[in-house]
Amino acid sequence: MGAVSAVQSASLGEVIVRRINDLAAISEEGGSLTRIYLTTELREAADLILSWMREAGMSARLDAIGNVCGRYEGDQPGAPCLMLGSHYDTVRDAGKWDGPLGVITAISCVADLNRRGKRLPFAIEVVGFADEEGVRFASTLLGSRAVAGTFDENVLNTRDRDGVSMRDALVQFGLDPDRIGAAARTRGELLAYIELHIEQGPVLEAQNLPVGVVTAIAGATRLAARLTGMAGHAGTVPMPLRRDALAGAAECIGAIEQFCRTDEGGLVGTVGHIQAKPGATNVIPGQVSFTIDMRAPTDGHRKRAVTEIVRQIEAIAKRRRLALQLDVTHENRTAPCAPWLQQQIAQAIEAEGFSVFELPSGAGHDGMAMIDIADVGMIFVRCRGGISHHPDEHVELADADAGARVLLRVIENFRPREGSTAG
């Protein structure tokens, strides 16, 4: 890169980091970051992001679900758009980079184009999705599902921990729940959807690379398992006669870990919650409940793994004379990133002087909803230690800058898929 370009690129990173910090200051509690859907804090954040969009030369608005939407017209007004986005809500006690980095970087790239007076053969739209995390109403991807036209209106009746329904929360926020359908876009309006996001894992750091090309957003299967044996006195029941539900659960958990450790195709499995009853020091556990989360880069791989894990758990339960109840509580399909978008992202990474590294996303993203109306591409940015959903979540300025340079290069050299209506 030339000296002038290098100065401009550095300023991109500096602006991004400063705005990340400004947005992180908007939180429902001092000393930590919590910004939940349809709260006063989310509205304050939305207004700030809208001001940045307008400053960058975009027309900007709040849509019917609470997404912040900015549009930068192309050579011809009304052309299909390349949509860029991520989310601006957070989990509780969150890090400040998960979601906002993608929104703020996209705005900064548009601002750079606007400063140079550059218009493209297509429009650019930036969307900050209002609820990806699903903290308040226990349903994820609400903002992007509304844009994709797949919003489930039954969610409007769910209530938060204070008993407030989503329908009432929307009204209090100043939105009309009966107009959520107006947020929906059609496939013909979008040329593609590209999301820049922190990796939320340690792979790029291990590779000593600032950015990577995402190949797919892994699908997930979640199960709730319950093993029932027989509670008994810890001192009087001989070991061979016990039907210890917790010992059985421990064997199941070990089997899950061992199976996933020996898999070479990116499979991961997690038992994140376990509860033993009656839960007394001197009582053999008679019943244990635990969760299972299984993820893989392809649906076929994940489903085969779940089938095998279920088989192993059933065998353990039978051998230990434990009753088993096993229910699927969640199933999300894999969202493959479009090869033609992966190629353009890879070319931009290489042109910026970095090695091209491909990796799947084990975490869910708004692209999982957007794939219903557009081809999806993703750029990962390295985060320190792979830490996410935690106050220690961090991206170095140089890496934020690298991500911005790559995204800007993708935008300026974007070639719509053959057969699209742009340009």
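As a reminder, the structure under discussion sits directly above these lines.
Residues numbered from 1 in each chain as written. Predicted model: local features only at pLDDT ≥ 70, side-chain atom pairs only at ≥ 80, totals over all residues. Heavy atoms only, no water.

**Concerning unusual backbone geometry**
The criterion, for reference: Numbering of helices and strands starts at the N terminus; helices are DSSP runs of H or I of at least 4 residues and strands are runs of E of at least 2. Partly exposed describes any residue whose relative accessible area lies between the buried limit of under 20% and the exposed limit of over 50%, with all areas from a 1.4 Å probe on protein chains only and scaled to the type maximum.
Residue lysine 277 is joined to proline 278 through a cis peptide bond whose omega torsion reads 5°. On the secondary structure map, proline 278 appears in the loop between strand S10 (274–277) and strand S11 (283–284). Positive phi values are uncommon outside glycine, yet leucine 38 reaches one of about 60°. Position of leucine 38 among the secondary structure elements: in the loop between helix H1 (3–24) and helix H2 (40–55). Phi is positive for histidine 389, close to 55°, though the residue is something other than glycine. Residue histidine 389 is classed as partly exposed on the basis of its relative accessible area, which comes to 38%.

**As for empty space enclosed by the protein**
Note the threshold: Using protein atoms alone on a 1 Å grid, points that fit a 1.4 Å probe yet trap it form a cavity, whereas open point sets bounded by protein on both sides within 12 Å along at least five of seven lines form a pocket; residues with an atom within 4 Å of a point count as lining. Grid points are joined across faces, edges and corners, and a volume is the space filled by probe spheres set on the points. Any residue that is not Ala, Val, Leu, Ile, Met, Phe, Trp, Tyr, Cys, Pro, Asp, Glu, Lys or Arg is counted as polar, Gly included; the first ten are nonpolar and the last four charged.
What the rule picks out here adds up to 1 cavity of 30 Å³ or more. Volume-wise, the largest cavity comes out at about 40 Å³. Contributing to the lining of the largest cavity are His87, Asp89, Thr90, Val91, Ala94, Gly95, Asp98, Glu133, His389 and Glu393. When grouped by side-chain class, the residues that make up the lining of the largest cavity number 2 nonpolar, 4 polar and 4 charged.

**Here's the deal with the nonpolar core**
Spelled out, the test is: Side-chain atoms within 4.5 Å link the members of a nonpolar core, which is a set of buried Ala, Val, Leu, Ile, Met, Phe, Trp, Tyr and Cys residues. Whether two residues touch is decided by their heavy atoms; if any such pair falls within 4.5 Å, the residues are in contact.
Judged by nonpolar contacts, the single largest core of 79 residues is most densely connected at Tyr37, Leu101 and Met166. Dropping the residues within four chain positions of it, methionine 166 is found in contact with Tyr37, Leu38, Ile65, Phe137, Leu142, Phe151, Val155, Leu156 and Thr158. With 27 residues, the next largest nonpolar core counts Cys69, Ile217, Leu359 and Val376 among its residues.

**Concerning the layout of surface pockets**
Its volume calculated, the largest pocket comes out at about 890 Å³. The set of elements that each furnish at least two residues to the lining of the largest pocket consists of strand S7 (219–228), strand S12 (287–296), strand S13 (323–332) and strand S15 (358–361).

**A word on the environment of serine 289**
Its place among the elements puts serine 289 in strand S12. Exposure remark for serine 289: the relative accessible area of 24% places this residue in the partly exposed category. Distance in space between the C-alpha atoms of serine 289 and histidine 273 is 8.1 Å, their sequence separation being 16 residues. In this structure serine 289 touches Ala225, Arg226, His273, Ile274 and Gln275, once residues within four positions along its chain are discounted.

**So, the environment of lysine 96**
The condition that has to hold: Here a polar contact is taken to be a pair of N or O atoms separated by no more than 3.5 Å, where protein atoms must pair a possible hydrogen donor with a possible acceptor and residues adjacent in sequence count only if both atoms sit in side chains.
As for its position among the elements, lysine 96 is in the loop between strand S3 (81–87) and helix H3 (100–115). On a C-alpha basis, the gap between lysine 96 and alanine 224 in space is 31 Å, while along the polypeptide they are 128 residues apart. When near neighbours in sequence (up to four residues on either side) are disregarded, lysine 96 contacts Ile20, Asn21, Ala24, Leu33 and Glu393. A polar side-chain atom of lysine 96 sits 2.6 Å from a polar atom in the side chain of asparagine 21.

**Examining the pattern of salt bridges**
Applied cut-off: The rule for a salt bridge is simple: a side-chain nitrogen of Lys or Arg has to be within 4 Å of a carboxyl oxygen of Asp or Glu.
Applying the stated criterion across every chain, the model contains 27 salt bridges. We note a salt bridge from aspartate 112 to arginine 115, for which the minimum N-O separation is 3.1 Å. Remark: arginine 115 and aspartate 112 occur in helix H3; sequence separation between them is 3 residues, near one turn of the helix. We note a salt bridge from arginine 261 to glutamate 257, for which the minimum N-O separation is 3.4 Å.

**Considering helix H5 (residues 166–173)**
Rules: The directions considered for the arc are those from the helix axis to the C-beta atoms.
Among all positions in H5, only Met166, Ala169, Leu170 and Phe173 are buried. Buried positions in H5, seen along its axis, are confined to an arc of 100° and lie on one side of it. Of the exposed residues in H5, the ones pointing more than 90 degrees away from its buried face are Val171 and Gln172. Against the buried residues of H5 lie H2, strand S1 (59–62) and helix H4 (142–148). With its phi angle positive at about 100°, glycine 174 sits one or two positions after the end of H5.

**So, the side chain of glutamate 132**
Structurally, glutamate 132 can be placed in the loop between strand S4 (123–129) and H4. A distance of 3.4 Å separates the side chain of glutamate 132 from the side chain of histidine 87, its partner in a polar contact. Setting aside chain neighbours within four positions, we find glutamate 132 in contact with His87, Asp89, Thr140, Leu141, Gly364, His365 and Asp366.

**Here's the deal with the pairing of strand S5 (residues 190–198)**
Defined as follows: A pair of strands counts as paired when DSSP detects no fewer than two bridges linking them.
With 9 of 9 residues buried, S5 is to be regarded as a mostly interior element. Note: S3 against S5, 4 bridges, orientation parallel. The residue of S5 that forms the bridge with methionine 83 is tyrosine 193. Two strands pair when backbone bridges link them, and S5 and strand S16 (residues 376–381) are joined in this way by 6 bridges, in the parallel orientation. Residue pairing across strands places tyrosine 193 opposite valine 376, the latter belonging to S16.

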